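Report on the structure
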Amino acid sequence: MTNIITTPIFYANGAPHLGHAYSGYLADVFKRFHSLTSDNPCCLITGTDEHGQKILEAAECSQVGIQQFVDDKAQTFKALWPELAVQVDVFVRTSEEQHLKLIQTIWHKLLEKGDVYLGYYQGLYCLGCEQYYTAYELEDNCCPIHKAPVENKSEETYLFRLDAYRQQLIEHYLNSSDFITPNYYCQVILDYLNQGPLEDLSVSRVNIPWGIKVPNHQEHTIYVWIDALFSYITAIQKAGFDLGVLAQTTHIIGKDILKFHAIYWPALLLAADLPLPKKLIVHGWWTINGQKIAKSNPKTLISPKDLVDKLTCDGLRYALFRQKHVARDGNIVINELIESINADLANNFANLVKRNHTIVLKYFAGNIDAKVISQRALADESKLTIQCCEQAINEIFNYYKRFDFHNVSLLLKDTLDHCNRFFHQRAPWEISKGKDNISVQETCLVISNLLRLVATAAYPLVPTLARQVLQELGEDIVTCQWPSVCDIKSITINKALSHFKRLEKEH
């Protein structure tokens with residue numbers, strides 16, 4: 001069955017920032033890993049959330065018509081993904097006609113079931129989040145995300161009977177402790193659900209002209225989060241899949257939108273008689289000088305495209321995963337990113353490829369036959385190096401499955417460190433000083449085959465570099481499968497290129 005991987009449906013009131021790029025990278029790494037390990041397709045969904053008061057205000061500030069504003073923002077997000085080498089399959093927009101029809105259908109169903117009713121709501125509201133908060137969720141009467149004071153707001157609204165699904169949600173989390181990664185968030189959600197009855201959820205707003213109107217009650221606009229969450233289903237339908245694939249869907253989300261995806265979204269799916277998703281992957285924030293990167297804070301805005309231009313596409317995505325665990329927060333310091341990129345990609349990886357293949361070309365006309373080794377036993381250090389690398393690749397496989405891409409990067413580094421130590425100890429370049437020809441061939445043959453192993457395992461993290469190395473070894477990543485063992489195969493090298501140049505630090 002098809003697997004679905006989604007980013008959040010990004011709120012299109014500003015330009016994309018590094019947080020958006022990071023969510024896209026997470027989804028893309030999983031998709032590429034899936035392509036190496038499964039015969040089933042994986043569909044990557046992203047898109048733009050284009051309704052609500054903040055969008056309208058942003059358009060007015062820009063002095064651009066609202067439709068032109070969201071069209072421009074959607075195009076900016078669409079253009080971002082190829083620049084980051086993120087392979088998007090479906091891009092959904094909440095202003096699309098297909099999505100409008102879906103939301104109206106869902107609304108009618110919830111209304112008919114009695115799960116949605118017209119009422120009145122009073123609470124503490126943050127415009128930045130477009131949500132109500134309870135008093136204990138606030139910090140000095142300020143929104144915990146935007147650090148701005150909330151307002152006491154009261155209005156007529158349609159309400160969703162959220163507590164009707166509380167017990168089902170509790171049972172779901174008790175029986176599916178791995179539903180959220182990292183799994184401690186499961187306990188956070190359970191603690192919240194076990195506190196007692198859940199307040200009915202306000203699912204409409206009044207006097208907001210930009211959004212999907214409540215059918216037969218045009219003064220009300222459907223709450224932007226209801227609109228956005230169900231766009232996952234619009235995207236699945238656009239891709240031509242049956243809604244049963246929801247059960248094979250993994251959502252990538254930032255920790256600030258956990259409640260929406262771990263409580264509201266499952267409850268709404270249960271109410272609509274739809275399957276629950278397979279998994280939520282919750283990632284931390286990126287900060288600059290300790291401040292969360294956000295559209296509302298201009299001091300923290302770094303263009304992902306500018307970072308790609310400075311660090312390269314592979315460099316940026318690798319450094320982000322090398323810098324921190326997915327679930328933790330991390331602070332961006334450009335020179336620290338450059339250091340890890342130079343050390344791991346330029347020195348450890350690309351330079352080893354260049355040095356090894358240069359020797360193969362210069363002294364063996366680009367060809368080494370595996371029969372060289374079959375004529376005698378591998379040296380002990382060759383066997384030990386192969387064994388260590390195979391063990392590391394198997395551990396990397398398990399880290400990928402757990403979305404622990406930080407440890408993937410660390411193990412790739414360790415594996416390349418081991419390969420480099422082996423290469424230096426064996427010193428194949430000393431063939432020019434009379435070093436044994438067969439010993440040099442063994443060294444180069446072992447390294448080339450280990451590089452094939454490492455490049456395939458590194459492909460989800462650094463797709464361009466990995467693809468180039470594999471091409472130099474005569475392999476096509478499209479036909480590659482996950483490598484569990486290192487088969488010593490004959491090699492033919494036609495060129496020895498410099499696949500990754502060192503980056504200059506900022507002054």
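Source: prediction; values computed, not measured.

The next subject is the packing of aromatic side chains. Using the criterion set out here, one finds 22 aromatic pairs in the structure. Ring geometry for Phe33 against Tyr400: centres 4.8 Å apart, planes inclined by 20°, an arrangement best described as stacked. Here Tyr400 lies in helix α14 (residues 380-401) and Phe33 lies in helix α1 (residues 18-37), a separation of 367 residues in the sequence. In this pair, the class of Phe33 matches that of Tyr400, namely buried. With 5.6 Å between their ring centres and 80° between their planes, Tyr173 and Phe179 make a pair best called edge-to-face. Each residue in the set Tyr22, Phe30, Phe33, Trp286, Phe321, Phe397, Tyr400, Phe403, Phe405 and Trp482 is aromatic and connected to the rest through ring pairs, giving one cluster.

Here strand β9 (residues 204-206) pairs with strand β11 (residues 217-222) via 3 bridges, running antiparallel. Paired with Ser204 across the two strands is Ile222, which belongs to β11. Pairing between strand β10 (residues 213-214) and β11: 2 bridges, direction antiparallel. Within the sheet, the bridge partner assigned to Lys213 lies in β11 and is Thr221. If you look at the hairpin formed by β10 and β11, you'll find 2 residues sitting between the two strands, and Asn216 has a positive phi there, around 70°.

All chains considered together, the criterion is met by 20 salt bridges. The shortest N-O distance in the salt bridge between Asp28 and Arg32 comes to 2.6 Å. Remark: Arg32 and Asp28 occur in helix α1; sequence separation between them is 4 residues, near one turn of the helix. The burial state of Asp28 is the same as that of Arg32; both residues are buried. Via salt bridges that share partners, Lys109, Lys113, Asp115 and Asp273 belong to a single interconnected network.

A word on the side chain of Thr6. Structurally, Thr6 can be placed in strand β1 (residues 3-11). Among the polar contacts listed, one links the side chain of Thr6 to the side chain of His251, at a separation of 2.8 Å. Those residues in contact with Thr6 that lie beyond four places of it in its chain are Ile45, Tyr232, Thr249, Thr250, His251 and Ile252.

With that settled, the discussion passes to the sheet that holds strand β4 (residues 116-126). Strand order across the open sheet formed by 4 strands is β5-β4-β6-β8, with antiparallel pairing between neighbours. Where the open sheet ends on each side, the last strands, each with one partner, are β5 (131-133) and β8 (201-202). Sheet analysis places β4 next to strand β6 (residues 151-160), joined by 10 bridges and oriented antiparallel. Among the inter-strand pairings, Gly123 is bridged to a residue of β6, identified as Lys153.

Inspection of the secondary structure puts Thr7 in strand β1. A polar contact of 2.6 Å, which involves the side chain of Thr7, links it to the side chain of Thr46. Sequence-distant contacts of Thr7, defined by excluding residues within four places in its chain, comprise Ser23, Gly24, Ala27, Leu44, Ile45, Thr46, Tyr232 and Ile252.

Once that is clear, we can look at the packing of α14 against helix α16 (residues 437-458). As a packed pair, α14 and α16 sit with axes 11 Å apart at the nearest point and diverge in direction by 0°. When the interaxial angle is binned, α14 and α16 end up roughly parallel. For the pair α14 and α16, the contacting residues are Ser382, Thr385, Ile386, Cys389, Ile393 and Tyr400 in the first and Glu442, Val446, Leu450, Leu453, Ala457 and Ala458 in the second. Residues of the contact of α14 with α16, tallied by class, amount to 9 nonpolar, 2 polar and 1 charged.

The next subject is the state of the cysteines. Counting across every chain of the model gives 0 disulfides. Its sulfur unpaired, Cys419 is 3.8 Å from the next cysteine sulfur, which belongs to Cys389. Since its relative accessible area comes to 0%, Cys419 is described here as buried.

Before going further, it helps to examine the nonpolar core. One finds Leu18, Tyr25, Leu311, Phe349, Tyr400, Phe405 and Leu461 to be the most contacted residues of the largest nonpolar core, which totals 99 residues. The biggest single contributor to this core is helix α12 (residues 334-364), with 13 residues. Phe405 has contacts with Leu26, Val29, Phe30, Phe321, Val326, Tyr400 and Leu461, leaving out every residue within four places of it along the chain. Of all hydrophobic cores here, the second largest spans 72 residues; its members include Phe160, Leu162, Leu268 and Leu269.

On to unusual backbone geometry, then. A cis geometry characterises the amide bond from Thr181 onward to Pro182, with omega recorded as 0°. One can find Pro182 in the loop between β7 (180-181) and α6 (184-193). One non-glycine residue with positive phi stands out, namely Asn216, at about 70°. By the secondary structure assignment, Asn216 is in the loop between β10 and β11. Positive phi values are uncommon outside glycine, yet Thr312 reaches one of about 75°. Take Thr312: it is sitting in the loop between α10 (304-311) and α11 (313-323).

We now examine the sheet that holds strand β16 (residues 330-331). With mixed pairing, the 3 strands of this open sheet are ordered in space as β15-β14-β16. Of all the strands in the sheet, the pair left with one neighbour each is β15 (291-292) and β16. Of the strand pairs in this sheet, strand β14 (residues 286-288) and β15 are connected by 2 bridges, and their pairing is antiparallel. Of the residues in β15, the one forming a bridge with Ile288 is Gln291.

Analysis parameters
- Residues numbered from 1 in each chain as written.
- Predicted model: local features only at pLDDT ≥ 70, side-chain atom pairs only at ≥ 80, totals over all residues.
- Heavy atoms only, no water.
- Phe/Tyr/Trp six-rings, centres within 6.5 Å; stacked < 30°, edge-to-face > 60°.
- Helix = DSSP H or I, 4+ residues; strand = E, 2+ residues; numbered from the N terminus.
- Buried < 20%, exposed > 50% of the residue type's maximum accessible area, 1.4 Å probe, protein only.
- Pairing = 2+ DSSP bridges.
- Salt bridge = Lys/Arg side-chain N within 4 Å of Asp/Glu carboxyl O.
- Polar contact = N/O pair within 3.5 Å; in protein donor to acceptor, adjacent residues only side chain to side chain.
- Contact = heavy atoms within 4.5 Å.
- Axes fitted to C-alpha atoms, helices over the stretch in contact; angles between N-to-C directions.
- Parallel < 35°, antiparallel > 145°, perpendicular 65-115°, else oblique.
- Nonpolar A, V, L, I, M, F, W, Y, C, P; charged D, E, K, R; others polar.
- Disulfide = S-S within 2.5 Å.
- Core = buried A, V, L, I, M, F, W, Y, C linked by side-chain atoms within 4.5 Å.

Read these as geometric descriptors, not functional statements.
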